[in-house]
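Now for the letters of each chain:
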Amino acid sequence: MLNKGKTVFLCGFMGSGKSTVGKELAMKLGRDFVDLDEYIVRQEVMSISEIFELKGEDYFRKLESHALASLPCSVGVVATGGGTLLRDENSALARSLGSVVYIDTPFELCYARIKGDKRRPIAYNSTREQLLERYNQRSVIYRRNSDFCVDGSLSPIEIVQEILKN
């Protein structure tokens, strides 16, 4: 159930539509929107690919946790990175601050959006089979760590409407 007046955290696999839906949802709610990946990029003055290359994935995951904890309370909608809510402590924090919504987008749709994207180091450096395996592992965790799920194969407007119904 959507916790009205609190932050809505969107989770899901890379390419699931979190940023697109998040912007639309924030507009409908009249609240601020933050894309956690973009927030980290601004804070670090480096692209995600550069962070992964120079400092590694573990460092990036720590940045995600720190960024999540330091977001201002006024943020209405947060598009988390694909790995942010895989950590139980991050999920617990998000749930304590508001509602967590899993955008459950079919793998093939996500894959069509992310394949060959150099800005996504995990996607760019993985085979389709590796990404499918990661997708299957993560979907279980997203489902467990969210308050409710929405069908990510719908249009962004329809997804927003589904979120607002809950």
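Keep in mind that what you see is a predicted model, and the values were worked out from it rather than measured. (Residues numbered from 1 in each chain as written. Predicted model: local features only at pLDDT ≥ 70, side-chain atom pairs only at ≥ 80, totals over all residues. Heavy atoms only, no water.)

So, about the overall build of the protein. The helix and strand inventory of the protein stands at nine helices and five strands. Going residue by residue from the N terminus, the α and β elements of the protein occur as β-α-β-α-α-α-β-α-β-α-α-α-β-α. Projected onto the principal axes, the alpha-carbon positions of the protein cover approximately 40 × 30 × 25 Å. Within the protein, the fraction of its 166 residues that count as buried is 47%. (Helix = DSSP H or I, 4+ residues; strand = E, 2+ residues; numbered from the N terminus. Buried < 20%, exposed > 50% of the residue type's maximum accessible area, 1.4 Å probe, protein only.)

The next subject is the pattern of salt bridges. All chains considered together, the criterion is met by eight salt bridges. Across the salt bridge formed by arginine 144 and aspartate 88, the nearest N and O atoms sit 3.4 Å from each other. Taken as a pair, arginine 144 in helix 8 (residues 128–144) and aspartate 88 in helix 5 (residues 88–97) lie far apart in primary sequence, 56 residues in all. Residue aspartate 88 is classed as partly exposed on the basis of its relative accessible area, which comes to 46%. The partner of glutamate 162 in a salt bridge is lysine 165, with the nearest N and O atoms 3.0 Å apart. Linking glutamate 162 with lysine 165, this pair stays in helix 9 (residues 156–165), spanning three residues, or about one helical turn. Accessibility expressed as a relative area gives 64% for lysine 165, which makes it exposed. Overlapping salt bridges, with partners in common, bring together Glu57, Arg61 and Glu64 in one network. (Salt bridge = Lys/Arg side-chain N within 4 Å of Asp/Glu carboxyl O.)

Moving on, we come to the packing of helix 1 (residues 18–29) against helix 9. Running from N to C, helix 1 and helix 9 cross one another at 55°; their axes reach a closest spacing of 9 Å. It follows that helix 1 is oblique to helix 9 by the angle criterion. Read as a crossing pair, helix 1 and helix 9 show a hand that is right-handed. Here helix 1 contributes Thr20, Val21, Glu24, Leu25, Lys28 and Leu29 to the contact with helix 9, which in turn contributes Pro156, Ile157, Ile159, Val160, Ile163 and Leu164. Tallied by class, residues from the contact of helix 1 with helix 9 come to nine nonpolar, one polar and two charged. (Axes fitted to C-alpha atoms, helices over the stretch in contact; angles between N-to-C directions. Parallel < 35°, antiparallel > 145°, perpendicular 65-115°, else oblique. Left-handed = near helix turned anticlockwise from the far one by under 90°. Contact = heavy atoms within 4.5 Å. Nonpolar A, V, L, I, M, F, W, Y, C, P; charged D, E, K, R; others polar.)

Strands pair in a sheet through their backbones, by hydrogen bonds, and they do so in one of two ways: parallel or antiparallel. Sheet architecture is open: five strands sit in the order 2-3-1-4-5, paired in parallel fashion. Each edge of the open sheet carries a strand with a single partner, namely strand 2 (32–35) and strand 5 (148–151). Looking at each pair of strands side by side, their axes are set apart by 25° on average, direction ignored. Both strand 2 and strand 3 (residues 75–79) contribute to a ladder of four bridges, which runs parallel. Paired with valine 34 across the two strands is valine 78, which belongs to strand 3. (Pairing = 2+ DSSP bridges.)

To continue, consider the layout of surface pockets. Approximately 810 Å³ is the volume found for the largest pocket. For the lining of the largest pocket, the secondary structure elements donating two or more residues are helix 1, helix 2 (36–44), helix 3 (48–55), helix 4 (57–70) and helix 7 (121–124). Grouping the amino acids of the lining of the largest pocket by side-chain chemistry returns nine nonpolar, eleven polar and 13 charged. Here the second largest pocket defines a volume of roughly 160 Å³. Thr7, Leu71, Pro72, Cys73 and Leu97 are the residues nearest the centre of the second largest pocket, which is lined by 13 residues in total. Broken down by class, the residue content of the lining of the second largest pocket amounts to nine nonpolar, two polar and two charged. (1 Å grid on protein atoms, 1.4 Å probe; cavity = no way out; pocket = protein on both sides within 12 Å on 5 of 7 lines; lining within 4 Å. Points joined across faces, edges and corners; volume = space filled by probe spheres on them.)

Right, let's talk about the side chain of threonine 105 for a bit. Mapping threonine 105 onto the fold places it in the loop between strand 4 (98–104) and helix 6 (107–114). Here threonine 105 is in contact with Ser16, Cys110, Arg113, Tyr135 and Gly152, once residues within four sequence places are set aside.

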